[in-house]
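# Structural characterization, general
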Amino acid sequence: MRPQVIHLVDDCKLGGVKVALENLSGSSLNRMFDFKISTLNLHSWFPRRYRADIICLHAAVSWRKLPGLCLLRLMNIGTPLLFQEHHYSECFVRHRVTSPLRFLVMLRLSYCVVTHVLAVSNAQADWMKKERLTSRERLTVVGQAVDVSAFLKLPPKAVVAPIVLGAYGRLDSQKGFDLLLQAMAKLPPEQVELRLAGDGEELSKFEQSWGQLPHVHFVGEVQDVPRFLSRCDAVVIPSRWEPFGLSCQETLAAGKPVITSGVDGLDEQLSEVESMTSETVRLIKLEELSPERLVEVIERLIADARTLSAGEHLVSLGLSRQVREGAAQRWPRLIQRWREILNIYL
């Protein structure tokens, strides 16, 4: 009988976490482990005991959830409780936390309750070590990734005017789409258009902005991300914080140039592919996250596209096969790391 590993999620609206867990559950690891995904409410003071060999918790901890986390641990004494931190990072604290000391104390207490902490990026782990949120022995960088084989199959897109930018994700302040829309207001419609995909609680606020921009097209929440990216010449990821950023891995595997804020886990994804290629001109990390800087780099991309399309043959802004396959290698490495950490606790 395969050992049972249950993944507990406290927010089903988190698209990236859900996609990552569904990919993991359907991976080759499924031949070794019996994966189950279940929801829980850490605000509840009536936790249950789970029939599992290992419990993996995926939640955004807080002071209000700490009692529930402690009760979850008490009800499941004897079962390893692994905690994967998808939510918090150094840039999250910088942008969203008014009392860093109080917040970090909460994280230290939460991490003390669990058996092991799993970081989704080296940048996140480095921040945890710097702030002494947990011991080095109880911290492992498992990483984050999905199976991007469908993205690797996308053919290069011939670039024609106007160039098509893509952006997708939750519509909230984290993703920085408000800055991107401000930048689009300063760019000429005949040269560039934006396809924005996503959903979220701040949808109505964003509607007021793109409704006045004829070259911004909102396509709603997309289920077929490869198809969405196939229509784009480049992708913009202007996140204010991003512990990892699955959209960056997907974009690189799809062969699309990427403009990114370079925060947290985004920076190491670019650094990894830059180490294997000289295509840094199409892997653009913003020196400053602002509408003005976005305008500057998008104009540079427009000029690059204009130069390429001036010839007799149709050309693409696409990245090399080497870069695309390099991004895809994150998936088998993730599988190996999960296999190693799960086997430790069996």
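Placed above this text is the structure.
All of the points below concern the structure found in this document. (Residues numbered from 1 in each chain as written. Predicted model: local features only at pLDDT ≥ 70, side-chain atom pairs only at ≥ 80, totals over all residues. Heavy atoms only, no water.)

### Considering the overall build of the chain
Secondary structure assignment for the chain yields 14 helices and twelve strands. For the chain, the C-alpha radius of gyration of 21 Å lies close to 20 Å, the compact-globule estimate for 346 residues. Over its C-alpha atoms, taken along the principal directions, the chain stretches across nearly 70 × 40 × 35 Å. Relative to its full complement of 346 residues, the chain shows a buried share of 53%. Of all intrachain contacts in the chain linking residues separated by at least 6 positions in sequence, the fraction that spans at least 24 positions is 74%. Here the chain has roughly 15700 Å² of accessible surface; of this, 51% comes from carbon and sulfur atoms. (Helix = DSSP H or I, 4+ residues; strand = E, 2+ residues; numbered from the N terminus. Rg over C-alpha atoms; globule rule 2.2 N^0.38 Å. Buried < 20%, exposed > 50% of the residue type's maximum accessible area, 1.4 Å probe, protein only. Contact = heavy atoms within 4.5 Å. Areas by Shrake-Rupley, 256 points an atom, 1.4 Å probe, with all protein chains shown as cover.)

### Points about a nonpolar patch on the surface
On the surface, Trp63, Leu101, Val105 and Leu109 cluster together to form a nonpolar patch covering roughly 350 Å² of accessible area. With respect to the element layout, Trp63 can be found in the loop between β3 (54-58) and α2 (66-75). (Patch = residues over 30% accessible without salt bridge, like charges linked within 9 Å, V, L, I, M, F, W, Y side chains within 5 Å. Salt bridge = Lys/Arg side-chain N within 4 Å of Asp/Glu carboxyl O.)

### Quick word on the nonpolar core
Counting 67 residues, the largest nonpolar core has Leu57, Leu69, Leu72, Phe103, Leu107, Leu229 and Leu252 as the members making the most contacts within it. No other element matches the six residues that helix α4 (residues 100-113) contributes to this core. Residues contacting Leu229, with those up to four places away along its chain left out, are Phe151, Leu154, Tyr168, Val235, Glu250, Thr251, Ala254 and Lys256. (Core = buried A, V, L, I, M, F, W, Y, C linked by side-chain atoms within 4.5 Å.)

### Some words on unusual backbone geometry
Backbone phi values are negative for most residues with the exception of glycine, while trans is the configuration of most peptide bonds. With omega at -5°, the peptide bond leading from Ala161 into Pro162 counts as cis. By the element assignment, Pro162 lies in the loop between α6 (149-152) and β7 (163-168). The backbone phi angle of Arg132 is positive, close to 55°, even though this residue is not glycine. Mapped onto the secondary structure, Arg132 falls in the loop between α5 (122-130) and β6 (139-141). Overall, Arg132 belongs to the exposed group, its relative accessible area being 71%. Unusually for a residue other than glycine, Asp264 sits at a positive phi of about 50°. Position of Asp264 relative to the elements: it lies in the loop between β11 (258-260) and α11 (265-274). With relative accessibility at 12%, the residue Asp264 sits in the buried group.

### Examining the state of the cysteines
Any covalent bond linking the sulfur atoms of two cysteines counts as a disulfide. In the structure shown here, the tally under the stated rule is zero disulfides. Lacking any disulfide linkage, Cys91 is separated from the closest cysteine sulfur, that of Cys248, by 14 Å. You can call Cys91 buried: its relative accessible area is 6%. For Cys232, which is in no disulfide, the shortest distance to another cysteine sulfur is to Cys248 and amounts to 15 Å. (Disulfide = S-S within 2.5 Å.)

### Details of the packing of helix α10 (residues 246-253) against α11
Following both chains from N to C, one finds α10 and α11 inclined at 25°, their axes separated by 9 Å at the closest point. With respect to α11, the axis of α10 lies roughly parallel. Here α10 runs over α11; the crossing is right-handed. Mapping the contact onto sequence places Cys248, Gln249 and Leu252 in α10 and Leu266, Gln269, Leu270 and Val273 in α11. Within the contact of α10 with α11, the residues separate by chemical class into five nonpolar, two polar and no charged. (Axes fitted to C-alpha atoms, helices over the stretch in contact; angles between N-to-C directions. Parallel < 35°, antiparallel > 145°, perpendicular 65-115°, else oblique. Left-handed = near helix turned anticlockwise from the far one by under 90°. Nonpolar A, V, L, I, M, F, W, Y, C, P; charged D, E, K, R; others polar.)

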